[in-house]
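# Commentary on secondary and tertiary structure
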Amino acid sequence: YRQVTQDGHSGYSVETYRIIKDGSGQQLSRTLEAKSRYNKTDQIIEIGAESTVPPVTPTPPVTPPPNVEPTTPVVAPTPTVDPSPEIPSQTPPGEIVPPIDPLPSATE
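Here is what the cut-offs are and how they apply
Counting of residues starts from 1 at the beginning of each chain's written sequence and follows it residue by residue. Note on the predicted model: pLDDT of at least 70 is required for a residue's local features to be given, and 80 or more for side-chain atom pairs to be given and counted; whole-chain, interface and lining totals, by contrast, use all residues. Working from all heavy atoms in the structure, the side-chain values ignore hydrogens and water. Helix and strand definitions here come from DSSP, where helices need a minimum of 4 consecutive H or I residues and strands a minimum of 2 consecutive E residues; each element is numbered from the N-terminal end. The contact definition used throughout considers only heavy atoms, calling two residues in contact when any of these lie within 4.5 Å. Surface accessibility follows the Shrake-Rupley procedure with a 1.4 Å probe radius. Residue values consider only the protein chains on display as shielding. Definition used for salt bridges: Asp or Glu carboxyl oxygen within 4 Å of a side-chain nitrogen of Lys or Arg. Using a 1.4 Å probe on the protein chains alone, a residue whose accessible area is under 20% of its type maximum counts as buried, one over 50% counts as exposed, and one in between counts as partly exposed. Distance thresholds for patches are 9 Å for like charges and 5 Å for nonpolar side chains (Val, Leu, Ile, Met, Phe, Trp, Tyr), applied to residues having over 30% relative accessible area and no salt bridge. Strand pairing is assigned whenever DSSP detects at least two bridges linking the two strands. Whenever two N or O atoms come within 3.5 Å, that pair is a polar contact, provided that in protein one can donate a hydrogen and the other can accept it, and provided that, for residues adjacent in sequence, both atoms are side-chain atoms.

## Thoughts on the overall build of the chain
Check the secondary structure of the chain and you find zero helices and four strands. What you see in the chain, going N to C, is helices and strands ordered as β-β-β-β. Taking contacts inside the chain between residues at least 6 apart in sequence as the whole, the part at least 24 apart equals 56%. Summed over its atoms, the accessible surface of the chain is roughly 11200 Å², and 57% of this surface lies on carbon and sulfur atoms.

Below you can see the structure in the form of structure tokens.
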């Protein structure tokens, strides 16, 4: 039994420059913009007896449910609230209260 569990690669460095040239192609300036370094990665190979772990069996695909007619959702009725609740009277029964003029006139 022999299995590569990680591929290896060599490390390297990269430098990125911004180069400005004139219309004739003559270089006017060269500026270092970035440096990047990528480390090497070792290759890993497993060597030994076959694994005793049983192989994973794929799960069967999920079958969609049969076509079902859509239903109208049931909405609970909203309780109604009386917008003008009755205010208890401050006047004793049988007493007559004269109407109140809400805005006195300017001539008074």
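## A few points about the pattern of salt bridges
Scanning all chains against the criterion turns up three salt bridges. For the salt bridge of K35 with E15, the shortest nitrogen-to-oxygen distance reads 3.8 Å. Highlighted residues: K35 in strand β3 (residues 27–38) and E15 in strand β2 (residues 12–21), separated in sequence by 20 residues. E15 gets classed as partly exposed once you look at its relative accessible area, which sits at 42%. Between D42 and K40 there is a salt bridge; the shortest N-O distance is 3.1 Å. On the basis of relative accessible area, D42 is assigned to the partly exposed category, the value being 46%. Note on K40: relative accessible area 59%, which makes it exposed.

## Section: a nonpolar patch on the surface
Judged by side-chain polarity, V4, I45 and I47 come together as a nonpolar surface patch covering roughly 260 Å² of accessible area. Structurally, I45 is set in strand β4 (residues 44–47).

## Structural notes on the pairing of β2
Where β2 meets β3, ten bridges bridge the pair, whose relative direction is antiparallel. Note that in β3 the partner of R18 across the bridge is T31. Adjacent in sequence and paired antiparallel, β2 and β3 are bridged by five residues, among which G25 carries a positive phi angle near 95°.

## A closer look at the environment of S10
Following the sequence through the fold, S10 ends up in the loop between β1 (2–6) and β2. The spatial distance from the C-alpha of S10 to the C-alpha of D42 is 8.2 Å, given a sequence separation of 32 residues.

## Focus: the environment of I20
Topologically, I20 is positioned in strand β2. For I20, a relative accessible area of 42% corresponds to the partly exposed category. For the pair I20 and T31, spaced eleven residues apart in sequence, the C-alpha to C-alpha distance is 8.7 Å. Beyond its immediate sequence surroundings of up to four residues, I20 is in contact with Q26, Q27, L28 and S29.

## With respect to the environment of D22
Along the chain, D22 falls in the loop between β2 and β3. A polar side-chain atom of D22 sits 2.9 Å from a polar atom in the side chain of S24.

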